[in-house]
Structure formats: structure tokens, C-alpha cells
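Reading the structure
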Amino acid sequence: MSTTFLPCGVYHQNYAQEHGWWQTRFIKAKMILLFVVLFVGIPFGADSYWLSVYNQVGYTILGALGVQLLIGFCGQVTLGHAAFLAVGAYTSTLLILEFPWPQLLIKWGLAYPLSIIIAAVMSGICSVLFGLPSARVKGFYLILTTMAAQFIIVDFIITQYVSQIGGRGQAFSLPPGTIKVGPWVIDNDLKVYYMMIVLVILCVTIVVNLLRSRAGRAWVAIRDNDISAEVMGINVVKYKLLAFFVAGFIGGIAGAFWISNLAAISPEHFPWFWSLWLVGVILIGGVGSIHGTIFGSIFMVVVMELLQLGIMPLADTYPKLLMDFLFIKEAAFGLAICAFMIFEPYGLAYRWGQIKNYFNLWPFSY
Amino acid sequence: MNLRNMCLKMFVLIFAVVMAAGFSATAGAAEVKVGALNDMTGATSDVGKDYALGIAEAIHYANDNGGVNGKQIKLYQFDYGYRVPEALTKYKLFKRLGAVAVLGWGTGDTEALSPTVTKDKMPYVSASYSGHLTDPAKTPYNLFAATDYSSNARAAITAWFDEKWPKHKDYGKRKPRFVCSYMFASPYCSAPIKAIKDQAAILGFDIGPDQDVSLFAIDTKSQVLAMKDFKPDLVWHGNTTMSVAATVRDAYALGLGADHIVNNWGFDENLPRLAGKASENVMGAAVCAFYGENVPMMDKVVAYGQKYNPGVLKEKRLVRTIQGWANVLALWEALKRADKSGGLSGENILKKGFETMENYDIGLNVPPLTYTATDHRVAGKVPIYEIADGNIKLLKVVDLKTRWPDKWAKEWIGW
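The residue numbering used here restarts from 1 in each chain and proceeds along that chain's sequence as written. Starting at A for chains and at 1 for ligands, labels are handed out in the order in which the entities are written. This being a predicted model, a pLDDT of at least 70 is required before a residue's local features are given, and a value of 80 or more before pairs of side-chain atoms are given or counted; all residues contribute to the totals for chains, interfaces and linings. Only hydrogens and water are removed before side-chain values are computed, so all heavy atoms of the structure are retained for them.

The numbering of helices and of strands both runs from the N terminus, where a helix is a DSSP run of H or I of at least 4 residues and a strand a run of E of at least 2. Helix and strand content of chain A: 16 helices and two strands. On C-alpha atoms alone, chain A measures out to a radius of gyration of 22 Å, which is about the 21 Å that the 2.2 N^0.38 rule sets for 366 residues. Along the three orthogonal principal directions, the C-alpha set of chain A runs to about 65 × 60 × 45 Å. Counting every position in chain A, which comprises 366 residues, the buried fraction comes to 49%. Partitioning the contacts of chain A with sequence separation of at least 6, the portion at a separation of at least 24 is 76%. The method behind every accessible area is Shrake-Rupley, applied with a 1.4 Å probe, and residues are considered shielded solely by the protein chains displayed. For chain A, the computed accessible surface area is about 17,300 Å², with 71% contributed by carbon and sulfur atoms. With C-alpha atoms as the basis for the radius of gyration, the globule rule is written as 2.2 Å multiplied by the number of residues raised to the power 0.38. Note on classification: 1.4 Å probe, protein chains only; a residue is buried when its accessible area is under 20% of the maximum for its type, exposed when over 50%, partly exposed between these limits. Any two residues whose heavy atoms approach within 4.5 Å at even a single point are treated as in contact.

Residue and element names in this part refer to chain B. A side-chain nitrogen of Lys or Arg and a carboxyl oxygen of Asp or Glu constitute a salt bridge if their distance falls within 4 Å. Enumeration over the complete set of coordinates arrives at 31 salt bridges over all chains. Where Glu163 meets Lys396, a salt bridge forms, and the shortest distance between an N and an O atom there is 3.5 Å. Placement of the pair is Glu163 in helix α5 (residues 149–163) and Lys396 in strand β13 (residues 391–399), with a sequence separation of 233 residues. A relative accessible area of 26% means that Glu163 is categorised as partly exposed. Across the pair Lys336 and Glu333 runs a salt bridge, and its minimum N-O distance is 3.9 Å. Residue Lys336 and its partner Glu333 are located together in helix α12 (residues 319–340), separated by three residues, close to a single helical turn. It is possible to trace a salt-bridge network through shared partners that takes in Asp162, Glu163, Lys396 and Arg403.

Further remarks concern the environment of Thr220 of chain B. All names here are of chain B. Within the secondary structure layout, Thr220 lies in the loop between β8 (211–212) and α8 (221–230). Using a relative accessible area of 0% as the deciding quantity, one classes Thr220 as buried. Linking Thr220 and Leu88, residues 132 residues apart in sequence, is a C-alpha distance of 33 Å. Once you skip the residues sitting within four places of it in the chain, Thr220 turns out to touch Val213, Ala246, Thr247 and Asp250.

Take the interface of chain B and chain A next. The interface is formed by 47 residues belonging to chain B together with 47 residues belonging to chain A. A 1.4 Å probe defines the accessible area here, and the buried area is the portion of it lost by two parts on being joined, summed over both. A buried area of about 4,100 Å², summed over both sides, lies between chain B and chain A, and 60% of it is on carbon and sulfur atoms. By the criterion of area lost to chain A, the three top residues of chain B are Arg83, Thr89 and Lys92 of chain B, representing 13% of everything that side buries. The salt bridge involving Arg96 of chain B is made with Asp47 of chain A; its shortest N-O contact spans 3.0 Å.

What follows covers the layout of surface pockets. Empty space among the atoms becomes visible once a probe the size of a water molecule is rolled across them. Its boundaries defined by the atoms lining it, the second largest pocket holds a volume of some 920 Å³. What lines the second largest pocket is a set of 38 residues, and nearest its centre among them are Glu268, Pro271, Trp272 and Phe273 of chain A together with Phe216 of chain B. Contributing elements (two or more residues each) for the lining of the second largest pocket: α3 (48–73), α7 (140–161), α12 (272–285), α13 (290–311) and α15 (325–343) of chain A together with α3 (84–97) of chain B. Here the element with the most residues in the lining of the second largest pocket is α7 of chain A; it accounts for five residues. Think of a 1 Å grid over just the protein atoms. A cavity is a set of points where a 1.4 Å probe fits yet cannot get out, a pocket is an open set with protein on both sides within 12 Å along at least five of seven lines, and lining residues have an atom within 4 Å of a point. Grid points are joined across faces, edges and corners, and a volume is the space filled by probe spheres set on the points.

With that out of the way, let us pick up the packing of aromatic side chains. Paired rings are identified among Phe, Tyr and Trp, the last through its six-membered ring, by centres lying within 6.5 Å, and are further divided according to the angle between planes into stacked (under 30 degrees), edge-to-face (over 60) and tilted (the rest). Inspection of every chain in the model, using the stated rule, returns 46 aromatic pairs over all chains. Look at Phe245 of chain A and Phe249 of chain A: their rings are 6.0 Å apart centre to centre, the planes differ by 40°, and that puts the pair in the tilted class. Of this pair, Phe245 of chain A and Phe249 of chain A both sit in helix α11 (residues 236–258), separated by four residues, roughly a single helical turn. Residue class for Phe245 of chain A comes out partly exposed when judged on its relative accessible area of 26%. Ring pairs connect the aromatic residues Tyr51, Trp105, Tyr129, Phe144, Tyr149, Tyr188 and Trp265 of chain B, which therefore count as one cluster. By definition, being over a ring means that NZ of Lys or CZ of Arg is both within 6 Å of the ring centre and within 35 degrees of the ring normal. Above the ring of Trp415 of chain B, the side-chain terminus of Arg154 of chain B is found at 5.0 Å from the ring centroid. Across from the ring centre of Trp415 of chain B, 4.6 Å away, lies the NZ or CZ of Lys194 of chain B, which sits over that ring.

A word on the packing of helix α2 (residues 25–45) of chain A against helix α8 (residues 189–211) of chain A. Residue and element names in this part refer to chain A. Angles shown run from 0 to 180 degrees and are taken between the N-to-C directions of axes, each axis being a line fitted to C-alpha atoms and, for helices, limited to the stretch in contact. As a packed pair, α2 and α8 sit with axes 11 Å apart at the nearest point and diverge in direction by 165°. Taken together, the axes of α2 and α8 lie roughly antiparallel to each other. Between α2 and α8 lies a crossing whose hand is right-handed. Residues Phe35, Leu38, Phe39, Ile42, Pro43 and Phe44 of α2 lie in contact with α8, whose contacting residues are Leu190, Tyr193, Tyr194, Ile197, Val198 and Ile201. Its residues assigned to classes, the contact of α2 with α8 comprises twelve nonpolar, no polar and no charged. Any angle from 65 to 115 degrees is called roughly perpendicular, while one under 35 is roughly parallel, one over 145 is roughly antiparallel, and all others are oblique. In this scheme, a crossing is called left-handed if the near helix is turned counterclockwise away from the far one by less than a right angle; it is called right-handed if the turn is clockwise. Each residue gets one of three labels, nonpolar for Ala, Val, Leu, Ile, Met, Phe, Trp, Tyr, Cys and Pro, charged for Asp, Glu, Lys and Arg, and polar for the others, Gly among them.

What follows deals with the side chain of Ser186 of chain B. For Ser186 of chain B, the location among the structural elements is in the loop between β6 (177–182) and α6 (187–190). Residue contacts for Ser186 of chain B: discarding those within four places in its chain leaves Glu268 of chain A together with Tyr82 and Leu215 of chain B.

Moving on, we get to the sheet that holds strand β1 (residues 31–38) of chain B. All names here are of chain B. Whether two strands pair comes down to DSSP finding at least two bridges between them. Across the sheet, five strands lie side by side as β2-β1-β3-β4-β5; this open sheet has parallel pairing. At either end of the open sheet lies a strand with only one pairing partner, and these are β2 (72–79) and β5 (142–143). As paired elements, β1 and β2 share eight bridges and run parallel to each other. When the sheet's bridge partners are listed, Val32 is paired in β2 with Ile73. Docked against the sheet, helix α4 (residues 107–120) engages β4 (124–126) and β5, running at close to 165° with respect to β4.

Right, let's get into unusual backbone geometry. All names here are of chain B. One non-glycine residue with positive phi stands out, namely Tyr82, at about 60°. Structurally, the position occupied by Tyr82 is in the loop between β2 and α3. Even without being a glycine, Leu364 presents a positive backbone phi close to 55°. Tracing the sequence through the fold places Leu364 in the loop between α13 (346–353) and β12 (381–388).

Residues and elements named next belong to chain B. Burial within β6 is extensive, with five of its six residues counted as buried. In this structure, β6 lies alongside strand β7 (residues 206–207), joined through two bridges in parallel fashion. Bridge assignment links Arg177 to a residue of β7, and that residue is Asp206. Where β6 meets strand β9 (residues 234–237), four bridges bridge the pair, whose relative direction is parallel. Paired with Val179 across the bridge in β9 is Val235. Two elements, β6 and β8, share two bridges in a ladder whose sense is parallel. Counterpart to Tyr182 in the pairing with β8 is Asp212.

Moving on to helix α9 (residues 214–224) of chain A. What α9 of chain A keeps buried is the set Ala215, Gly216, Ala218, Trp219, Ala221 and Ile222 of chain A. Of the surrounding secondary structure, the elements contacted by the buried residues of α9 of chain A are α3, α8, α10 (226–231) and α11 of chain A.

Before going further, it helps to examine the confidence of the model for chain B. Residues and elements named next belong to chain B. By definition, pLDDT measures how confident the predictor is in each residue, and it falls between 0 and 100. For chain B, per-residue confidence averages 89 on the pLDDT scale, and 93% of positions sit at 70 or higher. Low pLDDT, under 50, characterises residues 22–28; the stretch is placed with nine contacts to residues that sit more than four places away or in other chains. Interface confidence in the predicted complex, given as ipTM, is 0.80; pTM for the same model is 0.84.

As C-alpha cells, then:
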């Protein structure tokens, strides 16, 4: 059933209408405006600094989307997602730098786009491998098995073996001009931004559509009660592993995207803390909501930057304030999670829904 | 009004003020803005804290002594927690604020930012002394006032080979055996590995398997036992002081029987304090004087330390403060020269500032600085120190430039 409030007298006449993404002309206009802001307003209004902040928001959304799918929609708690981002980043980098692509593909700028797809599949497969224990364990125990992904993939396989390929400072330095999509060399924040926004839209579309499919229904059923889901005839293991694959797939895209923003990568770029951070993002944004992933990412990156800019004028009087800001940021992260759990357990997405309802129902909100 | 509504309104009010302040103009007049990225909370904060103090105190000194030809230096100093994404955003923030130069920190973020810095023509004086950053053909805007990790390691191995190996009981009977102990995942630690192995090969060492030791390590017995299988005569440590102290201690406890040389950021006054007896005879390169040594400019460093951070006792200070001062003093001189010769554009700071320095002495036992348009290694002479009776003493000065002139000139730059 549609969750959109329709104006009086407007009603659906078939299932396709009910499943439509944008069901009224007002919503279509809002979405067009949003796209204009995203593709025209922001790129022309933001300087390099803000573009860099938005690129980080995009990276966080791409990273958190898989975590949201696993935790929020399938009930599979994960704390090792940074490892799959690392697999994506390293696969893409290695393919660009070491794989003997046909000259034609390099000339047409297809090496990087193809490497993103391969990186995504590779990450998906790795994610499935670490999702296998989910067939037997859940909750706290699953957290530990997913954490193993960080130690096995990043700390062992990538650090000890993969990052040694080609020698230090050669294989994993990305010389300018290596990241190319078609004729465009991704060499500034604006181009990275456009790539980010396209990837975010694509990934969000994929996940939202998946959630409306049989698989999505199965994931939600598993999240709500896996025994009931099994009784209903859902192959629980198959769908859990499918969720791990899709989450890893999107994580791989996130990692492969991130290298376009860097000139060099090392395992240091994918610390375990990042997995925890991504879980914090969905907790603040709202568990079980795609909107929540986006709101959480914006909150964790943009709001923190604004907070920092806000205290900068005070730095003349309190010079150590800037230096100590990371402490404030870390504390704000912990405090925000506690505060959201207590006051807004459904996250920013729920508040967003309430605000929309207020306007939709006004003045007859009772 | 209930508590929840009150909290919500307060939050909205504070947020609005913060946003307004955030978007407000931050420009100031007659100031030279400089950004600084430091690590106070991350993996390298054991050495990063003191370095950060040194940076801030040295900027005060520069301002008290005329700033940049009368213009005060405005320092924007941030802790980035050794996180690369944070460093990328902060760098862009410095640009937005109008910084003319950046004082950076780690190797991972410095290398990740290097092409951007080159494109922006932003002088980036970092605490990463990675040899990769010394070739102006590749990284023209990366600089530092110290000898690089690769030169330091080559010199330290050579000093051991010259001074210690001839006294070994097996001297003349077999090749010396050598292993490296460092965090593989860290670009800082792994930056000089290729140069180290090259130097070990030049001197005719047998090279054993590298040992991966985390920057956070507090127990390294398994790595030391693995080293024991190879029976090394010499171990090179590439981490920072905390984990190096842990490894040296474990090596002592397990009777490894090898000598140790330590990369710059693992060799300081804290090493004998943390490792005690185990640190005896440990060698390392220091790129400047240790805190409180009787050398030119040290009186200023101590005075400014006491004035601006009286809570940090002189006895607790480290060589890291001096390293911070060295980078600031070099940048300050470059800014003054550039300002006199046409302005503070990035290109002027590089070409008419740094690259006009020839044997420029900033005191503090920093090697006289020479930057040329083709070589950003500051000097070929590297002093190697040794811990003896808990104190750090000069062992030998190795002149790589004179000893291997061809290799120094043609081969070794940039790795």
C-alpha cells in the first residue's frame, strides 16, 4: 500500500500507479527541483571545499547503504563493512594499474567503469563468504564473524599480500589521468562530485527497487522473524546471503568510487573504525529507511563541518578550540547516538516523515 | 513547555547560530594564513602531540619577530586523527580560508594529497619525511626541513655496518643478517623499505622476512620469535615510539641478540623511558637536536614552550617539538623571501622562497637546508645517534653524498 498522502479525489486505479515512485505532480516537481539542485545548483554554488564535503557525504551514503540493507532490512548485524569497501578500492586500483586492458578500452575510457563493476562483484563475493556464518549464528555472534572480515581481508590479505604487488609507491599510487570515465579524466572535485551523485542515485534506485521485489519482502520477513519466514517458505539462508552479496556489491562500488578522490591508497584508508562509523550513520539516520541512510550521512559529515565552521570565529579567543575540535566531534558522535536512541529511536527519517505529515495534513492534523 | 520541546528549540537555536557563524566571512586583513594538520588522537598521536605544540609555539615566535615582513601569520591548526578522508576535507578548508601554505603530518595523507597540492601550487611542508616526496619532478610542492626516511635508514644501516659489525664475533665469517619490523599497512612505515633493502644489498647483508608490527602494538612476542628463527644481527624498526619500545622490550626479554636501528619517528627521549635497559645501544637518525640540548635557538624553543604551554613540563618534552619548529622556521624563511620577491603565491613561495635556500642554517642542529629545483633532499649528511646509559649520544655522521656520489645524484632521489 502506498505511503504517500494523495490529494482529495485522487486515487489509484491500478497496481502500477500504486507502485509509482512519484505519485503526484507536486512530488514530481519536488523531485525535479531536487535533481536541478543536485546537478546544477550545488556544482555551481559550492567551492572546492564544500564539493569535497559533499563527496564525503556521497562516499558515506554508498558505504552505509549496504549496512542499512543488512541491518535495517535483513536484520543481519554487521561490523566489518569497511573491509568490502577496501576490496572494491583495491580491485579497481589493481585492474586499472596492472590489468592488460585492450588499448581500445583504455582509449575509450572504459577501464575504470568496467573496474567498478568487477570490483563490486568481487566485494559481493567476499561479503557472501563472510555472510556464510549467518546461516548458523545471529546477533552478537554475527557481529564478531563480520568483524573478522576486517582482520582477515584488510589486516591480513590486503596488507600482507595485495598491497605488496608492484612494490611500495608504484602499484598503489594513482598517477593523474589514470581515473577516466569515457573522455573525462576525473581530476577535480567537480568531476568526482558528478560521478558520486550518479553512483548514489543508481545505487539508491537499485536498493529501493530490490526492497519492492520478492527479495526485499523476504529480507524484511527474515528481519522481523526468521523462523516465521522459514515457515512461510522463504529460503532464509539464500536470502541472507543475497543480502550480503548486494551489500558487498554496493560497498565495492563505494570503494571503487573513493579511489577517484585519492592519488594513493593504502590499507590505512579502511580502518575498522569506519565500519562502526557506518553503523552510527544508519542509527542516527534511521534503521530500516533509505532516507535514513542519506540523512544520517548528511548529519554525520555536513553538520559536523558546520559545527567546526561555527566554532572557528571563537578560535581567536580560544586558540586550542580548533585543535581540540576532533575531540568535540568524537564526543558529538557518541552523544548523538545516545541522544537519538533515547529521544528519536527511529532516527532522522522518522522526524522527516513527521514533518512531511504535518504539512500534508495541515490544518487537519488531528 | 515540556523538557523535550525546550531541548528541541534550544538545539534549533544553537544550530542556527552555528550555521550563521559557519557561513559568515572569515577573511582578515594583513594576515598570512597557514593551515596545519596534526595528529593528537590517532595512531601516531604518541609523537604527534608534541609536534603540534612545537608548530603552534614556533608560529608565536615568528609573529613576535615580525611575522612575514610585518604581516602576522594566522595559524589554523586542526587535529585530523590520522584519518585520510578528514585530511582531504581539511586541506580544502585551508584553501577556502585562503591559506598560502600547509603544515601537514602523515605520509598516507601527504601522498594522497600530493597531486592536488601540485595542481594547486600549494607549498605543503609536512612531517612525513618520505623519500617519495623529495623529487620535484613528481612532487614539487612537497617539502620538509629534515633528511628523508630513506636517507636516514641508509645512513643508519651504514653506520651500524661501519661501527658495530666489525666488532661482531662472526665478522669476516659470514654476511650480516638483517630484518625489518614495521606496520605494513602504514605508508609512513613502508615508505623507505625499498631504499633500506637496496642499501642492505649494497652492503652485502642477508635479508630476512619482514615482520608486521602494528602502530598500536603492545605485545610483539610472536614477531620477535619469528625474527629469532632468522637470527638477525640487525633489526630496522619503522614504527613510532610506543610500538618500537614494545618490540625492543620483547626482543630483549626473548634474547633476540640483535642490534636495533629505529626510524626517525620511533627514536626520541621516550624510547629509553619506555624500554629501559632494552633500549641500550639502540641506534637511530635524528633530524634535529633533542629538546633542551645546548644548541643555537634552543633557548627560544624552551622559552616559548614555557610561555604558551606551561602545563607541559620541560622534562616531558620531546624532539618532536623541535621538528615542528624546524618545519615552521623553514616555511617562515621561505615566506619572507617570497614576500620580498613578488608576493606570496604558491609558486613564489616555492621558487623564490624554498628553492633559493642554499645551506640555510635555522639552528637547532637541523642540517643546513638546501632545496634546488631538481632535488628537495635537504642534505646528504646524516647524524646517527645511539642510546648509551639512558642518554642519546652521537655515534657517527654518515655522508651519503660523498660516499656514493653517483647513486646520490642519479639513483636515490624520490624513493
